[in-house]
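# Structural overview
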Amino acid sequence: GMSADGSEYGRYFEQLQKVNLTVRLGDTGSFDGTAAITSLKGSLAWLELFGAEQPPPNTLSEGAEVSVSVWTGGALCRCDGRVETLRDDRQFAIRLVGRVRELQRREYF
């Protein structure tokens, strides 16, 4: 079960791991990109976007809904969260919320 500090997330996500990320950008749709987890403490994950895919400048906002997913052990593990702190357009922290859902590969495709 989940402990009080939300450390269940550490079973699925870890520092330096590459994750796929979707961020809701208000009414203008969403941004899909790739990020590295630079820090994970309980339910708070710091992310750094990398690659050519970047959100339009100044479209990320605190409180924005996010979804992160990662392949682990043949399953796609997905968790929701919210942007908590913005350092800049490329680095920000998200607060993971709820449970991590595992989709088997065959269910996903």
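Described below are features of the structure shown in this document.

Quick notes on the rules
Residues numbered from 1 in each chain as written. Predicted model: local features only at pLDDT ≥ 70, side-chain atom pairs only at ≥ 80, totals over all residues. Heavy atoms only, no water. Helix = DSSP H or I, 4+ residues; strand = E, 2+ residues; numbered from the N terminus. Buried < 20%, exposed > 50% of the residue type's maximum accessible area, 1.4 Å probe, protein only. Contact = heavy atoms within 4.5 Å. Pairing = 2+ DSSP bridges. Axes fitted to C-alpha atoms, helices over the stretch in contact; angles between N-to-C directions. Core = buried A, V, L, I, M, F, W, Y, C linked by side-chain atoms within 4.5 Å. 1 Å grid on protein atoms, 1.4 Å probe; cavity = no way out; pocket = protein on both sides within 12 Å on 5 of 7 lines; lining within 4 Å. Points joined across faces, edges and corners; volume = space filled by probe spheres on them. Nonpolar A, V, L, I, M, F, W, Y, C, P; charged D, E, K, R; others polar.

## Remarks on the overall build of the protein
Tallying secondary structure elements over the protein gives 1 helix and 6 strands in all. A buried classification covers 38% of the 109 residues belonging to the protein. In the protein, of all internal contacts separated by at least 6 residues, the share reaching a separation of at least 24 is 51%.

## So, the pairing of strand β2 (residues 30-41)
For strand β1 (residues 18-24) and β2, the ladder comprises 7 bridges, and the chain directions are antiparallel. Across the sheet, T22 pairs through a bridge with D32, a residue of β2. Between the end of β1 and the start of β2, which pair antiparallel, lie 5 residues, with G26 showing a positive phi angle near 60°. With 7 bridges connecting them, β2 and strand β3 (residues 44-50) associate as antiparallel partners. Each residue of the ladder has a partner; that of K41, found in β3, is L44. Linking β2 back to β3 in an antiparallel pair, the connection comprises 2 residues, with G42 at a positive phi of about 60°.

## Concerning the pairing of β1
Alternating positions in β1 separate cleanly, V19, L21 and V23 being buried on one face and K18, N20, T22 and R24 remaining unburied on the opposite face. As judged from the 4 bridges shared by β1 and strand β4 (residues 65-72), these two strands associate in the antiparallel manner. Paired with N20 across the bridge in β4 is S69.

## Here's the deal with the sheet that holds β3
Strands sit in the order β1-β2-β3-β6-β5-β4 around a closed barrel of 6 strands; the barrel is antiparallel. When strand polarity is set aside, the average angle formed by the axes of neighbouring strands in this sheet is 45°.

## Overview of the nonpolar core
In this structure, F13, L47 and I94 are the most contacted members of the largest nonpolar core, which totals 26 residues. Those elements that place two or more of their residues in this core are β1, β2, β3, β4, β5 (75-86) and β6 (91-104). Excluding residues that lie within four positions of it along the chain, F13 makes contacts with V19, I37, L40, V68, V70, C77, C79, L96 and V100.

## Quick look at empty space enclosed by the protein
Counted under the stated rule, the structure contains 1 cavity of 30 Å³ or more. Its boundaries defined by the atoms lining it, the largest cavity holds a volume of some 40 Å³. In terms of lining, the largest cavity is formed by F13, V19, I37, L40, A45, L47, V68, I94 and L96. If you list the elements that add at least two residues to the lining of the largest cavity, you get β2, β3 and β6. Across the lining of the largest cavity, the residue classes tally to 9 nonpolar, no polar and no charged.

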